[in-house]
Every structure is written in C-alpha cells, then in structure tokens.
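Listed below, chain by chain, are the residues.
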Amino acid sequence: MEFEVEYDILVIVLVAFYILAATRIAHVIGLPPGVVEIIMGAMLAFWGVKSTEVLTLLAAIGANLLLFMAGSEIDLALLRSILPQAVIVALVSALAPLALTALLHVYLGLSLTSSLVILASLSATSVALTYLLLSSYRLVRSRLGQLALASAMLLDLSGMIMLNIATASISPSLAFYIVILLAALLLYPLLPRLGGAPFEAEIRLITMTVIILGFLSDFVGVHSVLTSFILGVIASETVRTRVQLREKLESLATGFFTPFFFIASGMSIDPGIPLHYVALALAGGVALALARTYTVYFYFRLTGSSRRSSLIAASSTAMLLTVTIIAASVGFQLGLLDSLMYSVLVWIVVGTILGSFALVKMR
C-alpha cells in the first residue's frame, strides 16, 4: 500500500512537470496546449508510466468541466438566427468524416455502434479553437465568421447526440435524471442573484453541479461527460454574457483540471502501436483537415466571400480536439473501441490541428 501511495505521488508530480513544460512548448510553437499535452502523455505511456486512481479522478473532473465549457460556448440565439446556412455548412463539413467512417466500417468490419462513435469523433470540431482562429484574424464578428462558428457549434452538438445514442442505456432512474436536469434549467438563470464574494457562489454551484451530477449520471446509463455538456448548454447564456464569471471558470478548468485529462488521454494511447500506424493516422488527420477545409471553402466562395477569409473560416472548422478526444475516450472505456482504434483517433486529432494551422500559415 505504501508503495502504491508513493507511486501515485510520483506520477502526479511527473505529470504536473509535463503540464508546465507543455504550456511553454505550446506557446513557443504556436499550437494549442491540449495537443502538446496529448503528445507528452503518449511519451509517458511509451516510457511505461501507468495512470493511477488519483490521475484518473483528476482527468474525469477535467473532462466534465471541459465539456461544460464546450457546452457553454453554444450560442443558441446565434444558431437560431442563421440556422439554415449553418446546417448547410455543417453537412458539407461532415462529408469527409462520413466517408472516412464508412471506409473504416467496411474495411475493419466494425459494428454499427462502434462506427457511430467514430463518426461522432471525426465529425465534431473544436468550438474553442474555431473561435480562437477566427478571433486572431478578426473574423469572429463578420457574417462569415459567425456562420463558421455556428456550424462548428452544430457539429459539436450533433457529435454529442450521436455519442449519446451510441452509449446511452434506458433505466428506471432516467426519470430522476431528467428531473435533475430540469431543476438545473430553472436554477442556472438565478446565478446572478446569488450572494457572496464576486462570482464565488456561482463558481461553487456550477463546479459542484457539474462534478456531482456528472458522476451520478453514470448510474442512470448516461455518461458523465454528456451530462456536463447538457449543463453547459443550459447555462450558456448566463456564462457567456458574464465575462468575468467565464474567465474564472476557464481559469479553474483549463488552468488546473483539463491538462490532466489531455495528459491521461495521451497515456491511454497504446505504446506498442507500430510507428507506421502513427504516421498513417497523422497523415490521415492532415488529409481529413484538408478535405473538410476545401469542401467548406468552396461553399464559402460560392456565397461571395473572399479567398483569404474563406480559407481561414473553413480551416477553423476542420480542427478536432475536445469532443473528439472525449468521444473516443468514452468509446474506449465502454469497450466500443479497442486500444488501436482509440490510438488512431487520437493521432488523427493531432494531424487535423497540424494540417489546419499549417494551411492557414501558408495561405
């Protein structure tokens, strides 16, 4: 027991060091920290470092908070205002992932459920990265930027719905789960009225709801990350419109918990996967990013947008990260994906980000 405790502490210290290093490396090379953390987690797995109960718990909390923040980025008012155009862009963007999933389904003989998890992983985007890229080129407030952002939201929503269909099970406790979600729907609009130090009560309420209800949801056949995403959507208007509250939540989530999730995701990669599989997955990710970018690019050009703006906006919707990694992790945990397929999906994520960033910088 004493050895296990010491190993637990040693792993956490080592992971903490890697997280700090990843932050610096990501800043220097200009990539999202989550990508560097995944790669470093894969390095730890290659060197034989195993995950521990403490790391697993921190990663689970990080995943739940990460999905809450992803859900809170869904602007329902924006989706309603440009829904028809956003649906078209989302469908165009989903063509390449659908083709790749169909190819894997036929070639590998996957079950329909496993293929649905893969489609949920590959058809998603990363709303946070979409917003970051559009903001850096001052396109986020333009009509084109808003359309790209809305389509990214739709793709993430559809990805989570597909994951829910593939993994959820019906149980008598489901009614209780629905009642709790409805209570959250009524409670979150009251956040601004809570007392205490600035935003202290709101942050406590949000984090406790996400963590507790997230873990409780596993008992009713709904994965915790799906619950967290729904809670984020419910609270989206309140969180988005209160800038300081959002900044404090992001500091808590991305500053502490979510790096453990990305490191743990990398550590779950099969260290014995042949290098040519890794290279193939990275190349597949780059190819997927290019295919998604140019299919959406041509649509944007047909609607009258400039070449430069169309390329940047299209590239912003081609990157995979948050929803993909979590969908792949859920599928792996539930036995719907084996370690090889999980590892391939994670390296595809890295490939899409490398491809998209390279495409924009070489424009």
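Sequence order as written defines the numbering, with residues in each chain counted from 1. Local features in this predicted model are restricted to residues whose pLDDT is 70 or higher, and side-chain atom pairs enter the listing and the counts only when it is 80 or higher, whereas totals over whole chains, interfaces and linings include all residues. Hydrogens and waters are ignored; side-chain quantities use all the structure's heavy atoms.

## Observations concerning the overall build of the chain
The secondary structure content of the chain amounts to 18 helices and 0 strands. A separation threshold of at least 6 residues defines the contact pool for the chain, and within that pool the share at least 24 residues apart is 82%. Here the accessible surface of atoms and residues is derived via Shrake-Rupley with a 1.4 Å probe, and residues count as covered only by protein chains that are part of the display. In the structure as shown, the chain presents an accessible area of about 16,500 Å², 70% of it carried by carbon and sulfur atoms. For helices the rule is a DSSP run of H or I covering at least 4 residues; for strands it is a run of E covering at least 2, with both sets numbered from the N terminus onward. Whether two residues are in contact is decided by their heavy atoms: any pair within 4.5 Å suffices.

## Quick look at unusual backbone geometry
The phi angle at Arg-138 is positive, at roughly 55 degrees, despite the residue not being glycine. Counting through the fold element by element, Arg-138 comes out in the loop between helix 8 (127–136) and helix 9 (143–167). Working definition: with a 1.4 Å probe on protein chains only, accessible area under 20% of the residue-type maximum means buried, over 50% means exposed, and in between means partly exposed. Residue classification places Arg-138 among the exposed positions, given a relative accessible area of 80%.

## Things to note about the packing of aromatic side chains
Paired rings are identified among Phe, Tyr and Trp, the last through its six-membered ring, by centres lying within 6.5 Å, and are further divided according to the angle between planes into stacked (under 30 degrees), edge-to-face (over 60) and tilted (the rest). Applying the stated criterion across every chain yields a total of 9 aromatic pairs. An angle of 75 degrees between the planes, with centres 5.8 Å apart, marks the rings of Tyr-294 and Tyr-297 as edge-to-face. Of the two residues, Tyr-294 and Tyr-297 are both situated in helix 15 (residues 275–302); the distance of 3 residues between them amounts to about one turn of the helix. Tyr-297 sits in the buried class, given a relative accessible area of 13%. Pairing Phe-332 with Tyr-342 gives two aromatic rings, centres 5.0 Å apart and planes at 20 degrees, and the pair type is stacked. Highlighted residues: Phe-332 in helix 17 (residues 322–333) and Tyr-342 in helix 18 (residues 339–361), separated in sequence by 10 residues.

## What about the pattern of salt bridges?
By salt bridge we mean one thing: a side-chain nitrogen of Lys or Arg within 4 Å of a carboxyl oxygen of Asp or Glu. A complete count under the given rule lists 2 salt bridges for this structure. The partner of Glu-73 in a salt bridge is Arg-246, with the nearest N and O atoms 3.4 Å apart. Within this pair, whereas Glu-73 is found in the loop between helix 3 (53–72) and helix 4 (76–81), its partner Arg-246 is found in helix 14 (residues 243–267), the two being separated by 173 residues in sequence. No difference in accessibility class separates Glu-73 from Arg-246, as the two residues are buried. Put simply, Glu-250 and Arg-246 hold a salt bridge, and the shortest N to O gap is 3.3 Å. Note that Glu-250 and Arg-246 are positioned in helix 14 at a spacing of 4 residues, about one turn of the helix. In the salt-bridge network here, residues are joined through shared partners; they are Glu-73, Arg-246 and Glu-250.

## Structural notes on the packing of helix 11 (residues 200–217) against helix 14
To characterise two packed helices, one gives the angle between the axes of the helices and the distance between these axes. At a minimum axis separation of 10 Å, helix 11 and helix 14 run at an interaxial angle of 50 degrees. When the axis of helix 11 is compared with that of helix 14, the two are oblique. The two elements helix 11 and helix 14 cross, and the hand of that crossing is right-handed. Between helix 11 and helix 14, the contacting residues are Glu-202, Ile-203, Ile-206 and Thr-207 on the first element and Leu-245, Lys-248, Leu-249 and Leu-252 on the second. Residues that form the contact of helix 11 with helix 14 fall into these classes: 5 nonpolar, 1 polar and 2 charged. Angular values range over 0 to 180 degrees, each being the angle between N-to-C directions of two axes fitted as lines to C-alpha atoms, with helices fitted over their stretch in contact. Any angle between 65 and 115 degrees counts as roughly perpendicular, while under 35 counts as roughly parallel, over 145 as roughly antiparallel, and the rest as oblique. If you view the pair so one helix is near and one far, a crossing is left-handed when the near helix is turned anticlockwise from the far one by less than a right angle, and right-handed when it is turned clockwise. In this count, Pro and Cys sit with the nonpolar residues alongside Ala, Val, Leu, Ile, Met, Phe, Trp and Tyr, while Asp, Glu, Lys and Arg are called charged and the others, Gly among them, polar.

## Regarding the side chain of Thr-322
Mapped onto the elements, Thr-322 comes out in helix 17. Setting aside residues no more than four positions away along its own chain, Thr-322 makes contact with Leu-66, Leu-67 and Ser-126.

## So, helix 9
To estimate how far a helix should extend, the number of its residues minus one is multiplied by 1.5 Å. Here helix 9 spans 36 Å end to end across 25 residues, near enough to the 36 Å set by a 1.5 Å rise per residue. Burial runs high along helix 9: 19 of the 25 residues are buried.

## Structural notes on the confidence of the model for the chain
Known as pLDDT, the predictor's confidence for each residue is given on a scale from 0 to 100. Confidence in the prediction of the chain, expressed as mean pLDDT, is 84, and 88% of residues score 70 or more. Confidence scores differ between elements of the chain, with helix 10 (residues 174–187) showing the lowest mean pLDDT of 61 and helix 15 the highest of 94.

## Focus on the environment of Tyr-294
Relative accessible area serves as the criterion here: at 34%, Tyr-294 is assigned to the partly exposed category. When the C-alpha atoms of Tyr-294 and Ser-93 are compared, they prove to be 9.0 Å apart, with 201 residues separating the residues in sequence. In contact with Tyr-294, other than residues within four places in its own chain, are Leu-311 and Leu-359.

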